[in-house]
Amino acid sequence: MKRTIEVSDDLYRRAKAEAALRGRKLKDLVAEGLRLVLETPRETRGRRSLSALMKSARGTVDSGVSDLATNPEHLAGFGRDDHRNR
């Protein structure tokens, strides 16, 4: 079946050259590409959550600075309604 598709000039030239390097016709290369795309399982569509995007970055970082919350001096006044800071 014949169909017409629009592609950029650059993409057409690259595909035509690749087909020639492989000793194939452009239409066969395009058909193979479509088959590959259609046979590959799709990833979940839509926006990925921040959690999913950061999954590989999870963990802790040792900055060498101890946790300030363990020192009562740093917590002095924490949670008080201080009118001076408004």
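The residue numbering used here restarts from 1 in each chain and proceeds along that chain's sequence as written. Per-residue local features are limited, in this predicted model, to residues with pLDDT of at least 70; the limit for side-chain atom pairs, both in listing and counting, is 80 or more; totals at the level of whole chains, interfaces and linings are taken over all residues. Water and hydrogen atoms play no part in the side-chain values, which are based on all heavy atoms of the structure.

1. Structural notes on the overall build of the chain
Each helix is a run of DSSP H or I of at least 4 residues and each strand a run of E of at least 2, with the numbering of both proceeding from the N terminus. Regarding its fold elements, the chain presents three helices and zero strands. What you see in the chain, going N to C, is helices and strands ordered as α-α-α. Buried means the residue's accessible area, taken with a 1.4 Å probe over protein chains only, is under 20% of the maximum for its type, while exposed means over 50%, and partly exposed covers the values in between. Here the chain holds 86 residues, and the buried ones make up 3% of them. Of the roughly 9,100 Å² that the chain leaves accessible, carbon and sulfur atoms contribute 53%. Here, Shrake-Rupley sampling with a 1.4 Å probe gives the accessible areas, and only protein chains in the shown set may cover a residue.

2. Considerations on the layout of surface pockets
Its volume calculated, the largest pocket comes out at about 490 Å³. Of the grid points, spaced at 1 Å and generated over the protein atoms alone, those admitting a 1.4 Å probe that cannot get out make up cavities, while open sets with protein on both sides within 12 Å along at least five of seven lines make up pockets; any residue with an atom within 4 Å of a point is treated as lining. In terms of lining, the largest pocket is formed by 16 residues, of which the most central are Ile5, Leu26, Lys27, Val30 and Ala31. Broken down by secondary-structure element, the contributors of at least two residues to the lining of the largest pocket are helix H1 (9-21) and helix H2 (26-39). The greatest single-element share of the lining of the largest pocket, amounting to eight residues, is contributed by H2. Here the residues of the lining of the largest pocket are counted per class, giving 11 nonpolar, one polar and four charged. Grid points are joined across faces, edges and corners, and a volume is the space filled by probe spheres set on the points. Only Asp, Glu, Lys and Arg are considered charged in this grouping, and only Ala, Val, Leu, Ile, Met, Phe, Trp, Tyr, Cys and Pro are considered nonpolar; every other residue, Gly among them, is considered polar.

3. With respect to the confidence of the model for the chain
Low pLDDT means the predicted coordinates in that region are not meant to be read closely. Averaged over every residue, the pLDDT of the chain is 81; the share at 70 or more is 84%. Within the chain, no element has a lower average pLDDT than helix H3 (residues 50-53), which sits at 76, and none a higher one than H1, at 94. Values of pLDDT, which run from 0 to 100, indicate the predictor's confidence residue by residue.

4. So, H1
Its 13 residues place the ends of H1 18 Å apart at the C-alpha level, agreeing with the 18 Å of an ideal helix rising 1.5 Å per residue. Downstream of H1 by one or two residues, Gly23 has phi in the positive range, about 70 degrees. The length a helix should cover is 1.5 Å for every residue beyond the first.

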